[in-house]
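# Working through the structure, step by step
The residues making up each chain are set out below.
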Amino acid sequence: MIEGVVITPLKQIFDERGKVMHMLREDSEQFIRFGEIYFSCTNPGAIKAWHLHKQMTLNYAVIYGEIKCVLYDDRPDSKTRGQIDEYFLSPENYCLITVPPLVWNGFKGLGTKVSIVANCATIPHDPLEIERKSAFDSSIPYDWGIQHK
Ligand SMILES: Cc1cn([C@H]2C[C@H](O)[C@@H](COP(=O)(O)OP(=O)(O)O[C@H]3O[C@H](C)C(=O)[C@H](O)[C@H]3O)O2)c(=O)[nH]c1=O
């Protein structure tokens, strides 16, 4: 796992009316501070990548649909420099993925419906603290196409 990334399994509480999905509480080990929560909705097959936040710690949970979330570490001082990690996130694999600043991240919508990624972030959205690259930028060694094995 990329240095500084934390995966926390999350609880869902079901009853005949529906369910409650946990996400983040102030007494969680992963809680740093509250900046903003927003929901990124991704169409099937769409790729939202690459983003790098210079200051924001991300806390992602996929509350609906399914995404492939990909992380790439190019931090010069990181023990996991050069590593790519893939996570398949959905209510069926319901967890919080905490991503520290300076780790490249992106995701692709899977399945046949819109996917909703909640981000409970440590600072409010600020376009000036985000760096972006095309999903197909050759400086990141990742192919977003489906890999048939
Ligand atoms: C998040 C946000 C976005 N915007 C504007 C900026 C763009 O004009 C437009 C789409 O934003 P963006 O291309 O950044 O959307 P996503 O690719 O879904 O990414 C966003 O959601 C994923 C999960 C990330 O964590 C990104 O950091 C976050 O930016 O909404 C705002 O005006 N306010 C906001 O709070």
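Given the structure is predicted, the values throughout are model-derived calculations rather than measurements. (Residues numbered from 1 in each chain as written. Predicted model: local features only at pLDDT ≥ 70, side-chain atom pairs only at ≥ 80, totals over all residues.)

## Thoughts on the sheet that holds strand S11 (residues 115-121)
Read from one edge to the other, the open sheet built from five strands follows the order S1-S9-S6-S11-S4, with strand pairing classed as antiparallel. Among the strands making up the open sheet, the edge pair consists of strand S1 (6-9) and strand S4 (36-42). Going from strand to strand, the sheet's axes swing by 25 degrees on average, the running direction of each strand aside. Summarising the sheet, strand S6 (residues 58-64) and strand S9 (residues 95-99) pair through three bridges and their orientation is antiparallel. Note that in S9 the partner of Leu-58 across the bridge is Val-99. (Pairing = 2+ DSSP bridges. Helix = DSSP H or I, 4+ residues; strand = E, 2+ residues; numbered from the N terminus. Axes fitted to C-alpha atoms, helices over the stretch in contact; angles between N-to-C directions.)

## A few points about the sheet that holds strand S5 (residues 47-53)
Read across the open sheet, the five strands follow the order S8-S7-S10-S5-S12; overall the sheet is antiparallel. Two strands lie at the open edges of the sheet, namely strand S8 (84-89) and strand S12 (130-132), each paired on one side alone. On average, each strand axis in the sheet is inclined to that of its neighbour by 25 degrees, with strand direction left out of account. In this structure, S5 lies alongside S12, joined through three bridges in antiparallel fashion. Bridging across to S12, His-51 finds its partner in Arg-132.

## What to know about the confidence of the model for the protein chain
In this model, the protein chain carries a mean pLDDT of 97, and residues with pLDDT of at least 70 account for 100%. Overall fold confidence (pTM) sits at 0.94, and the ipTM for the predicted complex is 0.89. (pLDDT = per-residue confidence, 0-100.)

## Observations concerning the site of the ligand
All residues adjacent to the ligand are Tyr-38, Ser-40, Lys-48, His-51, Leu-58, Val-117, Asn-119, His-125 and Ile-130. Counting residues per element, the ones that place at least two in the shell around the ligand are S4, S5 and S11. Residues belonging to the shell around the ligand are distributed by class as follows: four nonpolar, four polar and one charged. (Near = placed C-beta within 6 Å. Nonpolar A, V, L, I, M, F, W, Y, C, P; charged D, E, K, R; others polar.)

## What about the pairing of strand S2 (residues 12-15)?
Relative to strand S3 (residues 18-21), S2 runs antiparallel, the two being bridged by four bridges. Note on S3: the bridge partner recorded for Asp-15 is Gly-18. Linking S2 to S3, which pair antiparallel, is a turn of two residues.

## Some points on the environment of Lys-11
Take Lys-11: it is sitting in the loop between S1 and S2. Judged by the 10 C-beta atoms lying within 10 Å of it, Lys-11 is exposed. Taking C-alpha positions, Lys-11 is 17 Å from Gly-65, a pair spaced 54 residues apart along the chain. (Buried ≥ 20, exposed ≤ 12 C-beta atoms within 10 Å, placed from the backbone.)

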